[in-house]
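Structural overview
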Amino acid sequence: MALDHAPGSHVPGQHPDDIAIIGWAQTPMVRHTDKTETQLLLEVVTDALDDAGLTRADVGFTCAGSCDYVAGQAFSFVQNTDAIGAWPPKRDSHVEMDGAWALYEAYVRLLMGDEVDVALAMGSGRSSTADPALIYPMEMDPFYLAPLGADALSLAALQAQAVLAAGAVTERQLAEIAARCRRDAQSNPYAQVSGEFDVDELLAEDAVRAPLRRHDLPPITDGAAAVVIARAEKAKAVCENPVWITGIAHCAELHYPGMRDLTRSLSARKAAEAAGVADGPVDVAELQAAFTHEEPLLVEALGLAPTVTVNPSGGPLAANPIMATGLVRIAEAAAAIRDRGASRTVGHSTSGPCLQQNLVCVLEGGRA
Amino acid sequence: MSHAPAAIVGIGQTHHKKKRWDVSLGGLVREAARRALDDAQMDWGDIDAVVIGKAPDLFEGVMKPELYLTDALGAHGKPMFRVHTAGSVGGTTGIVASHLVETGRHRRVLAVGYQKQSEGNAQFALGSGKGASLGAGGAFAPFIRSYIQRSGAPLDVGPMVAVKDRQNALKNPYAHLRLEDISIESVKASPMMWDPLRFLESCPSSDGACAMVFTDQAGGEAAAADGRQPAWVLGSAMRSEPFGFPGRDPVLPQGARDCADDVYAQAGITRPREQIDCAELYVPFSWYEPMWLEAHHLAGPGEGWQLVESGATALDGSFPVNMSGGVLSSNPIGASGLLRFAEAALQVRGMAGEHQVDGAKVAVAQAYGASAQYFSMWVVGASLDPFG
């Protein structure tokens, strides 16, 4: 893999190709909304551009992340061009991936260094309109795995069992992660699930899919997010406190869970290396750990120190708008810097069975 | 422009057929990718990142297939990226891959587009299983009728395109349709599908894949020094516009015009008809050839059909269009855009075999999608400075 960052090379924002997050927005995360994806995106695009002090006319490139199977419709993203206001016609793209990968394409587009200096990345999903347990087996290999009907929950349980068997973590620690995330989510106005939970009471519950109990699982969520990024000159001109993307990289690994060591994530580790997570201390990490056991696994793969605050927003255990969950992590990691005084943070996204594919984004505030 | 050049040094495609039941999805994409790697004299391990594009997952019933195809495409431990911009997706896939090289993110990138339409029922999937779909032909026929009314084009122009592209396909060993006996008369005698489009003026449903290997300037120059002509990306552009509002002209969409203006400016093209040697355009229904010639400034307003009628767009004409046989001869939807982009690259590499345009040095390719709302284009050249 190519080196995707320049370790400690310069103060972020000094090079014309440095790119910053300058605005973001997310919808309230809810179990179900009657709004369409287009309506959800209309709100977050407007709000994110307001946050950046820009209008749709300032945006040179747009990229959305969504999934036809989640929407239940072929070409479901086409109507979402209404939300970006694609008139006059816009440079625009779409990925059938989480909005975090839409941000990656937007980031690369800005690196082209032409007249496009502002880009908008979006993610949207309404999981409430169908049963995820019916949909998710369809993202597995169609010959050997999909016919088994193994949904995301079953595969997560398989991985959780492996993590527990390896002795890296206990069921009590997993319950503590769930309680911590939902406690932290109380201060997140967008969160869907929050509150105080007693760990002993959580552990007294039956397993939904052994060894995972209800508290180990994310909620089903409808929601969307948008993030505005800009090249250095533009970012500094329009924004007092740009949040610089100092590294962003993604990586995939083998699809078949049986071919992998499920107690580790090779692809998360490689993405973290390529993004330069280890080049400095990390204050906050927002990880797309939708199941409790994924948090310690990802903390280890990303090489995060015990001092790192993980998912202060509550993370996906508090709200899991599939196809936007990863982009929300990056927005929350940016908010930790701009709004809550962190210096260096990490946003993470994942896709596929047992964390098959991972994206890591390292963010920094301006250095004095 | 601060980005660096990207070169295409490997191209591969499958034999396109109605049913490629001899291969799985993984086998299909691997067949194209292996040919592209062989052409580039590379192996799986030489590739730094993979970009895969295809149209709706509902067509095959495999959601986010890049996950399953990671193994078949040797992407373990590498970035695997999935693009979906409707019918233009193949073109966009090529553009996203070229950007990864042009921005220095990666040195060698594999782009793959595919569709295996025999795995499902595209018409059913287009209606999201609700049986509500007009189909693509039904969506485009009103635009085509408007074009005919506006331009006063004689009704034989559509059948002429249908015959020309199928004759070109006979020279392309990978093409799906091989209609040896096609004639204007047989096209006009074929069943009416969506007025004015007849059966033989419509694209087939195909199984197929296309792959391309991109490399940086040093890689392109090394290939050239080794006697393997690269194709250089001289410019690339994308545009999208909304489906419906009173200011939109779906017959000659603003997005199509803007996309062409953008890509020509990047390539230093001011007189497209003269400076470009041939064009590979996304023509799934015959009449889109004259329509895109006009929308992309390759013919004046209302003159696209005259170009077709004069024979200029034939393989031996003054401005050949769809030398490969085009979408009218092979249509694995998610690959169709990348196949257009690949054909343009094959032409400037001088590797198009029997459908080679003599002396082609600069070629343009285009793909479009949804209700003529998504556009992707590129211009490729045999050198980085073909007009110098």
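Residues numbered from 1 in each chain as written. Chains lettered and ligands numbered in written order. Predicted model: local features only at pLDDT ≥ 70, side-chain atom pairs only at ≥ 80, totals over all residues. Heavy atoms only, no water.

**Points about the overall build of chain A**
Applied cut-off: Only DSSP runs of H or I reaching four residues or more are called helices, and only runs of E reaching two or more are called strands; each is numbered from the N terminus. Burial classes: relative accessible area under 20% of the type maximum marks a residue as buried, over 50% as exposed, and values in between as partly exposed (1.4 Å probe, protein chains only). Between two residues, a contact is recorded if the distance between any of their heavy atoms is within 4.5 Å. Under the convention used here, a 1.4 Å probe and the Shrake-Rupley method define accessible areas, while residue burial counts only the protein chains that appear. Residues scored as positive are Lys and Arg, those scored as negative are Asp and Glu, and His as well as the terminal groups of each chain are ignored. For the purpose of locating charges, the reference atoms are NZ of Lys, CZ of Arg, CG of Asp and CD of Glu.
A count of helices and strands for chain A gives 12 helices and 12 strands. Dimensions of chain A, computed from C-alpha atoms along their principal axes, come out at roughly 55 × 45 × 40 Å. Every one of the 368 residues in chain A was classed for burial, and the buried ones make up 63%. The contacts in chain A between residues at least 6 apart in sequence include a share of 79% that link residues at least 24 apart. When the accessible surface of chain A is totalled, it reaches about 12,900 Å², and 52% of it is carbon and sulfur. The averaged location of the 48 negative side-chain charges in chain A is 2 Å from the averaged location of its 26 positive side-chain charges.

**Focus on the interface of chain A and chain B**
Basically, it comes down to this: Summed over both partners, the accessible area lost on bringing two parts together, with a 1.4 Å probe, is the buried area. In the sections that follow, a salt bridge refers to a side-chain nitrogen of Lys or Arg positioned within 4 Å of a carboxyl oxygen of Asp or Glu. The term polar contact refers here to a pair of N or O atoms within 3.5 Å; inside protein, the definition further demands a hydrogen-donor-capable atom paired with an acceptor-capable atom, and it admits residues adjacent in sequence only when both atoms are side-chain atoms. Under the convention adopted here, Pro, Cys and the residues Ala, Val, Leu, Ile, Met, Phe, Trp and Tyr are nonpolar, Asp, Glu, Lys and Arg are charged, and Gly plus all remaining residues are polar.
The interface is formed by 63 residues belonging to chain A together with 58 residues belonging to chain B. Buried area between chain A and chain B, summed over both chains or domains, comes out near 5,200 Å², and the portion from carbon and sulfur atoms is 62%. The partner of Lys64 of chain B in a salt bridge is Glu139 of chain A, with the nearest N and O atoms 3.3 Å apart. Counting across the interface, chain A meets chain B through 18 residue pairs in polar contact (both at pLDDT 80 or more). Of all the secondary-structure elements, those providing two or more residues to the side of chain A that touches chain B are α2 (68-71), α3 (81-84), β3 (91-95), α4 (99-111), β8 (243-252) and α10 (266-275) of chain A. Take the side of chain A that touches chain B: its biggest share by element is 7 residues, from α4 of chain A. Residue composition of the side of chain A that touches chain B, grouped by class: 36 nonpolar, 12 polar and 15 charged.

**Side note on the nonpolar core**
Where we set the bar: Buried Ala, Val, Leu, Ile, Met, Phe, Trp, Tyr and Cys residues that are joined via side-chain atoms within 4.5 Å together make up what is termed a nonpolar core.
Membership of the largest hydrophobic core comes to 92 residues, with the highest contact counts inside it found for Leu73, Leu110, Tyr264, Tyr288 and Trp292 of chain B. Top contributing element to this core by residue count: helix α1 (residues 25-40) of chain B, with 8 residues. What Leu73 of chain B contacts, discounting residues up to four positions off in sequence, is Val29, Ala33, Trp44, Val50, Ile52, Met80, Leu110 and Val112 of chain B. Counting 83 residues, the second-largest nonpolar core is a separate cluster that includes Ala331 of chain A together with Leu100, Val233 and Val357 of chain B.

**Digging into the side chain of Gln373 of chain B**
Of note, Gln373 of chain B is situated in the loop between β10 (362-369) and β11 (374-381). From its side chain, Gln373 of chain B meets the backbone nitrogen of Ser371 of chain B in a polar contact 3.1 Å long. With near-sequence residues (within four places) excluded, Gln373 of chain B lies in contact with Val78 and Thr81 of chain A together with Arg239, Ser240, Glu241, Pro242, Phe243 and Arg248 of chain B.

**A closer look at the side chain of His250 of chain A**
Mapped onto the secondary structure, His250 of chain A falls in strand β8. In terms of polar contacts, His250 of chain A uses its side chain to reach the side chain of Trp101 of chain A, at 3.1 Å.

**Digging into the packing of aromatic side chains**
What counts, and what does not: Any two of the Phe, Tyr and Trp rings considered here, Trp counted by its six-membered ring, make a pair once their centres fall within 6.5 Å; the pair's planes then place it as stacked at under 30 degrees, edge-to-face at over 60, or tilted in between.
By the definition in use, this model includes 19 aromatic pairs over all chains. The interplanar angle of 75 degrees and the centroid separation of 4.8 Å between the aromatic rings of Trp87 of chain A and Phe245 of chain B together place this pair among those described as edge-to-face. Of the two residues, Trp87 of chain A sits in the loop between α3 and β3 while Phe245 of chain B sits in the loop between β8 (231-240) and α9 (254-267), which places them in two different chains. Look at Trp87 of chain A and you get partly exposed, because its relative accessible area is 34%. Relative to Tyr368 of chain B, the ring of Tyr288 of chain B has its centre 5.0 Å away and its plane inclined at 40 degrees; by these criteria the two rings are tilted. One end of the pair, Tyr288 of chain B, is in helix α11 (residues 288-295); the other, Tyr368 of chain B, is in strand β10, and 80 residues separate them in sequence. Neither residue differs from the other here; Tyr288 of chain B and Tyr368 of chain B are each classed as buried. Through successive ring pairs, a cluster of aromatic residues spans Phe140, Phe143, Trp194, Tyr282, Phe285, Tyr288, Trp292, Tyr368 and Phe375 of chain B.

**Considering the pairing of strand β1 (residues 6-13) of chain B**
Residue and element names in this part refer to chain B. To keep it simple, the criterion reads: Note on pairing: two strands pair once DSSP finds at least 2 bridges between them.
When you tally the buried positions in β1, you get 8 out of 8 residues, the bulk of the element. The pairing of β1 with strand β7 (residues 207-216) spans 7 bridges and is antiparallel. Looking at β7, one finds that Ala7 is bridged to Thr215. As paired elements, β1 and β8 share 2 bridges and run antiparallel to each other. Among the inter-strand pairings, Ala7 is bridged to a residue of β8, identified as Trp232.

**Notes on the pairing of strand β4 (residues 118-126) of chain A**
Residues and elements named next belong to chain A. Most of β4 sits inside the fold, with 9 of its 9 residues counted as buried. Along β4, one buried face is formed by Val118, Leu120, Met122, Ser124 and Arg126 and the opposite face, lined by Ala119, Ala121, Gly123 and Gly125, is buried too. Across 9 bridges, β4 lies against strand β7 (residues 222-231) in antiparallel orientation. Residue pairing in the sheet places Met122 in a bridge with Ala226 of β7.

**Let's talk about unusual backbone geometry**
Put simply, Trp87 of chain A and Pro88 of chain A share a cis peptide bond, and its omega is -5 degrees. Counting through the fold element by element, Pro88 of chain A comes out in the loop between α3 and β3. The residue after Ala210 of chain A, namely Pro211 of chain A, is reached through a cis peptide bond having omega 5 degrees. Phi is positive for Lys64 of chain B, which is not a glycine, with a value near 45 degrees. Note that Lys64 of chain B resides in the loop between β2 (49-53) and α2 (66-72). Judged by its relative accessible area of 5%, Lys64 of chain B falls in the buried class.

**Notes on the packing of helix α5 (residues 135-151) of chain B against α11 of chain B**
Residues and elements named next belong to chain B. This is how the line gets drawn: Orientation is described by lines fitted to C-alpha atoms, with helices fitted over the stretch in contact, and by angles between N-to-C directions that extend from 0 to 180 degrees. Angular relationships are summarised with four words: roughly parallel below 35 degrees, roughly antiparallel beyond 145, roughly perpendicular across 65 to 115, and oblique for the angles in between. Crossing handedness follows the turn of the near helix against the far one: under a right angle anticlockwise gives a left-handed crossing, and clockwise gives a right-handed one.
For the pair α5 and α11, interaxial distance at closest approach is 10 Å and the crossing angle is 70 degrees. In terms of their interaxial angle, α5 and α11 are classed as roughly perpendicular. Crossing angle aside, the handedness with which α5 passes α11 is left-handed. On α11, the residues touching Phe140, Phe143, Ile144 and Tyr147 of α5 are Tyr288, Pro290, Met291 and Glu294. In the contact of α5 with α11, the residues fall into 7 nonpolar, no polar and 1 charged.

**Structural notes on the state of the cysteines**
Formally, a disulfide is one covalent bond, and it connects the sulfur atom of one cysteine to the sulfur atom of another. The following threshold applies: Any two cysteine sulfur atoms within 2.5 Å of one another count as a disulfide.
Tallied over the entire structure, the rule returns 0 disulfides over all chains. Cys361 of chain A provides the cysteine sulfur closest to Cys63 of chain A, a residue in no disulfide bond, and the two sulfurs are 15 Å apart. Judged by relative accessible area, which is 0%, Cys63 of chain A ranks as buried. Cysteine Cys259 of chain B is unpaired, with the sulfur of Cys63 of chain A as its nearest cysteine sulfur at 16 Å.

**Focus on a negative patch on the surface**
Residue and element names in this part refer to chain A. Using the following cut-off: In this analysis, a patch consists of residues with relative accessible area above 30% that form no salt bridge, clustered at 9 Å for like charges and at 5 Å for the nonpolar side chains Val, Leu, Ile, Met, Phe, Trp and Tyr.
Together, Asp198, Glu201, Glu205 and Asp206 line one region of the surface with negative charge. Summarising the element assignment, Glu201 is placed in helix α8 (residues 199-203). Judged by relative accessible area, which is 56%, Glu201 ranks as exposed.

**Some remarks on the environment of Met351 of chain B**
All names here are of chain B. Structurally, the position occupied by Met351 is in the loop between α13 (333-349) and β10. In sequence terms Met351 and His16 are 335 residues apart; their C-alpha atoms lie 19 Å from each other. If we skip the residues at most four places from it in the chain, Met351 touches Asp39, Leu346 and Gln356.

**A word on the pattern of salt bridges**
Two side chains carrying opposite charge are able to pair once their charged atoms lie near each other. Residues and elements named next belong to chain B. Following the criterion strictly, the structure yields 42 salt bridges over all chains and no others. Close ionic contact of Asp43 with Arg34 constitutes a salt bridge, the shortest N to O distance being 3.1 Å. Residue classification places Asp43 among the partly exposed residues on the basis of a relative accessible area of 40%. Notably, a salt bridge pairs Glu289 with Lys164, separated by 2.7 Å at the nearest N-O pair. Of this pair, Glu289 sits in helix α11 while Lys164 sits in helix α6 (residues 157-169), placing them 125 residues apart in sequence.

Purely spatial values, then, with no claim about function.
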